[in-house]
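This is what each chain is made of:
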Amino acid sequence: MTEDLAGQVALVTGAARGLGLEVAGALAAAGVRVMLTDVLSEAGQAAAGGIPGARFIAHDVTVEDDWIRAVDATMQHFGRLDIVVNNAGVESARLFADCSLEEFRRIQAVNVDGSFLGIKWGIRAMRPGGCAGRGGAIINLSSVAGLIGVPGLGAYCTAKGGVRLMTKAAAIECARLGYGIRVNSIHPAIIRTRMGDEVVQGLVDCGLAPDPATAEAAMAGLHPMGYGQPQDVASAVYYLASPAARWINGAELVLDGGLTAC
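The rules behind these values
Residues numbered from 1 in each chain as written. Predicted model: local features only at pLDDT ≥ 70, side-chain atom pairs only at ≥ 80, totals over all residues. Heavy atoms only, no water. UniProt positions renumbered as here; feature names shortened; annotations may be inferred. Helix = DSSP H or I, 4+ residues; strand = E, 2+ residues; numbered from the N terminus. Axes fitted to C-alpha atoms, helices over the stretch in contact; angles between N-to-C directions. Parallel < 35°, antiparallel > 145°, perpendicular 65-115°, else oblique. Left-handed = near helix turned anticlockwise from the far one by under 90°. Contact = heavy atoms within 4.5 Å. Nonpolar A, V, L, I, M, F, W, Y, C, P; charged D, E, K, R; others polar. Patch = residues over 30% accessible without salt bridge, like charges linked within 9 Å, V, L, I, M, F, W, Y side chains within 5 Å. Areas by Shrake-Rupley, 256 points an atom, 1.4 Å probe, with all protein chains shown as cover. Salt bridge = Lys/Arg side-chain N within 4 Å of Asp/Glu carboxyl O. Buried < 20%, exposed > 50% of the residue type's maximum accessible area, 1.4 Å probe, protein only.

Participant: Can you tell me about the UniProt feature "domain: Ketoreductase" (unreviewed entry) in the protein chain, naming the residues and giving the values?
Facilitator: UniProt feature "domain: Ketoreductase" (unreviewed entry): in the numbering of this structure it lies at residues 8-193. Secondary structure content for residues 8-193 is 46% helix and 17% strand, and the end C-alpha separation is 27 Å.

What follows is the structure, encoded as structure tokens:
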């Protein structure tokens, strides 16, 4: 089905490494032209250089002017915008009693504000009369931590729960207004990336596990099918962006190997 998205253009945030880079590569392999964005300029340039036809722009998702520049650059380079993937995110393991307000706000800013601005400027570009104006798909990376509580990840749960409901509100708004824009969220459990490894170590740092081996065993035991891989998320993004998902809107696609079914 690689022809389904051929010729379309996607903007993927947090794409210098990890899940974002995997998503960008998978979309490019399907014939999508991709604008990678990230605060990690050097890594982002290198990542884009490894993907045929891709471009990179430095982009802080918490800064609205950066969003305007990113969308403008995408239109200038590619002449259209069909897919926005709000992937950029941060997490930090802290017990509620030990989490500073500054750290709490930082996590909300990247995960919630960043997704809000991506939705806002994605809609402005893709709705009728926008600079792209063909409709499209907005895909927000939430987490199973946006569905269930996770000890030590209170601030992250708060942020990803916000992304979940913001997705639904945007989806129904776009549908009611006839914009032709679908908005959905993806909710992975632990994926084998640097961030996933940091979650495991965070359990130790918070005193929720005595050592890394115990923390690893506890986390592994929560996933009946084992840990997910970056390509599992990339496949989900591809599906939600494709015509095969044309009637899916405001949905939460859970990728957890059965964790939340237990």
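Anyway, onward from the coordinates.
Participant: Any details on the packing of helix α1 (residues 18-29) against helix α8 (residues 230-241)? Residues and values, ideally.
Facilitator: Here α1 crosses α8 at 50 degrees, and the two axes come no closer than 8 Å. Relative to α8, the element α1 is oriented oblique. The element α1 and its partner α8 pack so that their crossing is right-handed. Listed contacts from α8 to Leu19, Glu22, Val23, Ala26 and Leu27 of α1 are Pro230, Gln231, Val233, Ala234, Val237 and Tyr238. Class assignment for the residues of the contact of α1 with α8 results in nine nonpolar, one polar and one charged.

Participant: Account for a nonpolar patch on the surface, naming residues and giving values.
Facilitator: Residues Leu147, Ile148 and Val254 make up a contiguous nonpolar surface patch of roughly 180 Å² in combined accessible area. Residue placement: Ile148 occurs in the loop between β5 (136-141) and α5 (154-176).

Participant: Before we move on, could you go through the pattern of salt bridges and cite the residues and values that matter?
Facilitator: All told, the structure shown has eight salt bridges when counted by the stated rule. Between Arg69 and Asp66 there is a salt bridge, with the nearest N and O atoms lying 3.5 Å from each other. Of this pair, Arg69 and Asp66 are both found in helix α3 (residues 64-78), three residues apart, which corresponds to roughly one turn of the helix. Arg69 sits in the partly exposed class, given a relative accessible area of 40%. Between Glu252 and Arg164 there is a salt bridge; the shortest N-O distance is 2.6 Å. One end of the pair, Glu252, is in strand β7 (residues 252-255); the other, Arg164, is in helix α5, with 88 residues separating them in the sequence. Note on Glu252: relative accessible area 26%, which makes it partly exposed. Judged by its relative accessible area of 24%, Arg164 is partly exposed. Taken together, the shared-partner salt bridges in this structure form one network comprising Arg164, Lys168 and Glu252.

Participant: Give me the lowdown on the packing of α3 against helix α4 (residues 101-126), citing residues and values where you can.
Facilitator: Remark: α3 packs on α4, axes separated minimally by 10 Å, with the N-to-C direction vectors making an angle of 40 degrees. As the angle between them shows, α3 and α4 are arranged oblique. For the pair α3 and α4, the sense of crossing is right-handed. In contact with Glu64, Trp67, Ile68 and Val71 of α3, α4 contributes Gly114, Leu117, Gly118, Lys120, Trp121 and Ala125.

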